[in-house]
Amino acid sequence: MDKKLLDKIEAKFDTLTGVYERFSIEKCAKNLIKEQRPFSLVLIDGDNFKNVNDGYGHSVGDMVIQIIANQIKAGVGDKGFVGRFGGDEFILLIPDIVEYNEVWQLCREIHDQFANFSVPDYPAIFITITTGLARFSEDGKTYEELFEKADKALYRGKQKGRSCFIIYLDSKHKNIKIHSSDGPSSNSMQQHNTIFSLLAKSGDLRHGLPFLLQFFTTTLMIDHVCIQGRKSMIFSEIYSLSKSKEFEYIDNALISLNVNKSTAIFYINDVNNLAAIHQNTLLDICNRQNIYSMLFAEISYGETFYGYLRADTTSTNRIWQNSDMDLLLTAAKAIGMILHFQGKTLEDI
């Protein structure tokens, strides 16, 4: 690693973590652009770090940030420079490594450092990271363009369920729009309002449900969302970027055994864990359909069961977030309520 790159700009260090400050990374990147020297710009976000600060306090939070920084440095090694962007966000500069397979391997090595993440005296804390990467000059000619592309890749990773890395590709990520609006609470209210608006569309679930499923695939970037009745998939929407296009009905009896009665949800982040709970039949079905993670939200009203709102991801695992489950369960219960008051079943529509 050419440390002279940072010496040229009299780089400064972050006092908490010992990595470089964000502005030092930015200055160095701009110098490389002037020299037309290829490099990769990497953005890394800690997943669900807010829960650490809220649950354990900021002193523990600071310790966790230090551990995150050390894990990232261990993954990067002497290939590049690690900077702290702010909070639990980090920015990396990797000179001369831009070939796709090389940057893929680098991201893999960084993420592997978090496989056994642990915090001394706090065994319940487990942190994963989400990573977005863009390359100069393939993805941008200026620092601002490059940062925007890396940010889009990071956003795509968050929408896929976090704990993953995304290398920016114009063909896949160009049209991604990052929603910041008024913050998570405002965004959540808008999404809930959209759900009810779509279900009320034309007063007929037959017209509203296809729009609802499309909303989930595009907004949450879920590969497949469907409505399962008692014996078949009634409505199904496959995300345009999904690598799998063939999905089949999954017997409700295999799901109902696993549904949490208090939340009316069954989810699994990695279907390989089904073997540990002796659900080999369900695992075989998932493997046949190329499903890596899944979620089922019960469509019911009172004691009446109608089916499930089902979500699947392919090609990569998804860490289902509370916000994901909240939206999917809200939609499932709203569908159940509408069916009850209309005196219909899913099969009737």
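A quick note: this is a predicted structure, and the numbers were derived from the prediction, not measured. (Residues numbered from 1 in each chain as written. Predicted model: local features only at pLDDT ≥ 70, side-chain atom pairs only at ≥ 80, totals over all residues. Heavy atoms only, no water.)

### As for the overall build of the chain
Then comes step 1: When helices and strands are tallied, the chain shows 12 helices and 11 strands.
Then comes step 2: For 349 residues, the compact-globule estimate of 2.2 N^0.38 gives 20 Å, and the C-alpha radius of gyration of the chain, at 22 Å, lies within 12% of that figure.
Then comes step 3: Dimensions along the principal axes, computed over C-alpha positions, put the chain at roughly 75 × 45 × 40 Å.
Then comes step 4: Counting all 349 residues of the chain, 50% fall into the buried class.
Then comes step 5: When the accessible surface of the chain is totalled, it reaches about 16,600 Å², and 49% of it is carbon and sulfur.
Then comes step 6: Computed over 37 positive and 43 negative side-chain charges, the inter-centroid distance for the chain is 3 Å. (Helix = DSSP H or I, 4+ residues; strand = E, 2+ residues; numbered from the N terminus. Rg over C-alpha atoms; globule rule 2.2 N^0.38 Å. Buried < 20%, exposed > 50% of the residue type's maximum accessible area, 1.4 Å probe, protein only. Areas by Shrake-Rupley, 256 points an atom, 1.4 Å probe, with all protein chains shown as cover. Lys, Arg positive; Asp, Glu negative; His and termini not counted. Charge placed at Lys NZ, Arg CZ, Asp CG, Glu CD.)

### Things to note about the sheet that holds strand β11 (residues 304–314)
Then comes step 1: Taken together, 5 strands build an open sheet; the order of strands is β8-β7-β11-β10-β9 and the sheet is antiparallel. On the outer flanks of this sheet lie β8 (233–238) and β9 (265–268), each paired with one strand and no other. Taking the axes of each pair of neighbouring strands and ignoring which way they run, one obtains an average angle of 10° across the sheet.
Then comes step 2: Pairing of strand β10 (residues 291–301) with β11, which is carried by 10 bridges, proceeds in the antiparallel orientation. (Pairing = 2+ DSSP bridges. Axes fitted to C-alpha atoms, helices over the stretch in contact; angles between N-to-C directions.)

### Some remarks on the sheet that holds strand β5 (residues 129–136)
Then comes step 1: On the basis of which strands lie adjacent, the open sheet formed by 6 strands has the order β1-β3-β4-β2-β5-β6 and mixed pairing. Both edges of this open sheet fall to β1 (20–21) and β6 (165–167), since each of them pairs with a single strand only.
Then comes step 2: Inspection of the sheet shows strand β3 (residues 81–86) paired to strand β4 (residues 89–95) by 5 bridges, in the antiparallel sense. Directly across from F81, in β4, lies its bridge partner L93.
Then comes step 3: Contacting β2 (39–46), β4, β5 and β6, helix α5 (residues 100–112) crosses the sheet at an angle of about 155° to β5. (Contact = heavy atoms within 4.5 Å.)

### What to know about a nonpolar patch on the surface
Then comes step 1: A grouping of Y301, M337 and F341 is seen on the molecular surface, where their side chains present a nonpolar patch of about 310 Å² in accessible area.
Then comes step 2: Relative to the helices and strands, M337 resides in helix α12 (residues 322–342). (Patch = residues over 30% accessible without salt bridge, like charges linked within 9 Å, V, L, I, M, F, W, Y side chains within 5 Å. Salt bridge = Lys/Arg side-chain N within 4 Å of Asp/Glu carboxyl O.)

### Here we look at the packing of helix α9 (residues 205–219) against α12
Then comes step 1: It is at 12 Å that the axes of α9 and α12 come closest, and there the two elements cross at 175°. One way to sum up the angle between α9 and α12 is to call them roughly antiparallel. Counting all contacts with α9, which are made through L205, L209, L212 and F216, the residues of α12 involved are L327, L328, A331, I335, I338 and L339.
Then comes step 2: For the contact of α9 with α12, a count of residues per class yields 10 nonpolar, no polar and no charged. (Parallel < 35°, antiparallel > 145°, perpendicular 65-115°, else oblique. Nonpolar A, V, L, I, M, F, W, Y, C, P; charged D, E, K, R; others polar.)

### Comments concerning the nonpolar core
Then comes step 1: Grouped together as the largest cluster of nonpolar side chains are 32 residues, with contacts concentrated most on L209, L212, F216, I227, I299, L309 and I335.
Then comes step 2: At the level of elements, α8 (184–199), α9, β7 (224–228), β10, β11 and α12 are the ones that each hand at least two residues to this core.
Then comes step 3: For this core, the element with the most residues is α12, which contributes 8 residues.
Then comes step 4: Within the second largest apolar cluster, 31 residues are counted, among which are F49, I67, I94 and I125. (Core = buried A, V, L, I, M, F, W, Y, C linked by side-chain atoms within 4.5 Å.)

### What to know about the pairing of β7
In summary, the side chains of a regular strand alternate between the two faces of the sheet.
Then comes step 1: The buried fraction of β7 is high, at 5 of 5 residues.
Then comes step 2: Neither face of β7 is left uncovered, since the one carrying H224, C226 and Q228 and the one carrying V225 and I227 both have all their residues buried.
Then comes step 3: Looking at chain direction, β7 and β8 are connected through 5 bridges and run antiparallel. Each bridged residue has a counterpart across the sheet, and for C226 the counterpart in β8 is S236.
Then comes step 4: Between β7 and β8, which follow one another and run antiparallel, lie 4 residues.
Then comes step 5: When β7 meets β11, the two strands line up antiparallel, connected through 5 bridges. Bridged to I227 within β11 is L309.

### Points about the side chain of Q191
Then comes step 1: The topology assignment puts Q191 in helix α8.
Then comes step 2: By relative accessible area, which is 14% here, Q191 ends up buried.
Then comes step 3: The residues touching Q191, leaving out its near neighbours within four places in the chain, are F215, T219 and L327.

### Some details on the environment of K172
Then comes step 1: Structurally, K172 can be placed in helix α7 (residues 170–173).
Then comes step 2: Put simply, K172 and L241 are 69 residues apart on the chain and 7.7 Å apart in space, counted from C-alpha to C-alpha.
Then comes step 3: When residues no more than four places from it in sequence are discounted, the contact partners of K172 are L241 and K243.

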